[in-house]
Amino acid sequence: MEVKKHDIKNICIFILPGLALFTLFFIIPVGYVSITSLFEWNGITSPIFKGLYNYRDIFSDKVFWRSVKNNVLWAVVAGGVQVPLAMLMALILSKKPRGWQFFRTVYFLPQVISGIALAMLWAAMYNSEFGLINGLLRAIGLGEYATNWLGTVKTAFPCMLIYWVFYIGYYMVIMLADITNIDESYYEAAQIDGADGIRQHIHITIPLIKGSFQTCVTLAMIFGLRTFEQVYLLTNGGPANRTSVLVLYLYNQMKTNNYGGANASSVMLILTGAFVILLIRGVFAKLNKE
């Protein structure tokens, strides 16, 4: 189809506001951060150009690599555990079992509660002296397993992931909405052919919601890379930096007025996010071809 000149003009006028906002609130800030990451700057005195010194500094820091490792693990768990759990619950609730509206509300409820409030709730549950988890262990005669869950090197990071991964309501609602739009005639035809509920989900539901599934995986993994408040409030990166993440790492750089190092960390976080998005798109593009 040939595009006329006045159509091109209208298209440009249509996308111009969005392009202007994208440039103002993303391109310019990213460019500014990228440039200032090449300077030694404390936020007060004049910046001093140091080239790649800030990058060399953070690359030689074991805490930085620990933060990267934790972020990657967080993103993998988000995409590989949290979203599949959300899909499973969406598939179950789509059949409208008894009490399905109640459970849909319960699973989504944490999404309307402040993340800070949830972190404080779990901090109380993990408390080594008066926490609910240790209290239950002592009540059932397993008091020897009670420990300082967030203060022990081996348990701190797994505990962070375990409490967070079960908040699946956001992704569940997205996929549940997609499932409800599937034509019932597909299921009726499959039922006539003798397909049970599990086979219907495998051969009809899951293939038809793969678009929303990909969206949820992308969102979950990106949110995993952006994690900050839970870590900051529960452990502040401890013990021994075992729960440190990239956003907390750059925040600590800013606290010491090392804005050049903080901006270098920000650039690495942006590049990591871009790599994750491209990787997800590549994986799903390959799966769609097969």
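Residues numbered from 1 in each chain as written. Predicted model: local features only at pLDDT ≥ 70, side-chain atom pairs only at ≥ 80, totals over all residues. Heavy atoms only, no water.

With an unreviewed UniProt entry as reference, the chain is termed Binding-protein-dependent transport systems inner membrane component, source organism Ruminiclostridium papyrosolvens DSM 2782. Turning to the chain, the UniProt record has this under Subcellular location (unreviewed entry): "Cell membrane". If you open the UniProt record of the chain and go to Sequence similarities (unreviewed entry), you find "Belongs to the binding-protein-dependent transport system permease family." (UniProt positions renumbered as here; feature names shortened; annotations may be inferred.)

A. Representation of the UniProt feature "transmembrane region" (unreviewed entry) in the chain. Residues annotated by UniProt as "transmembrane region" (unreviewed entry) correspond here to residues 12–35, 72–93, 105–125, 155–177 and 263–284. Annotation note: span residues 105–125, helix share 71%, strand share 0%, distance between end C-alpha atoms 23 Å. Secondary structure within residues 155–177 divides into 87% helix and 0% strand; the distance between the first and last C-alpha atoms comes to 36 Å. (Helix = DSSP H or I, 4+ residues; strand = E, 2+ residues; numbered from the N terminus.)

B. Region of interest: the packing of aromatic side chains. Applying the stated rule across the entire model yields 19 aromatic pairs. A ring pair is formed by Phe59 and Phe64, whose centres lie 5.9 Å apart and whose planes are at 50°; its orientation type is tilted. Owing to a relative accessible area of 37%, Phe59 belongs among the partly exposed residues under this scheme. Here the aromatic cluster, defined as three or more aromatic residues joined through ring pairs, consists of Tyr55, Phe59, Phe64, Trp65 and Tyr249. The lysine or arginine in question, Lys95, covers the ring of Tyr187, its NZ or CZ lying 5.0 Å from the ring centre. (Phe/Tyr/Trp six-rings, centres within 6.5 Å; stacked < 30°, edge-to-face > 60°. Buried < 20%, exposed > 50% of the residue type's maximum accessible area, 1.4 Å probe, protein only. Lys NZ or Arg CZ within 6 Å of the ring centre and 35° of its normal.)

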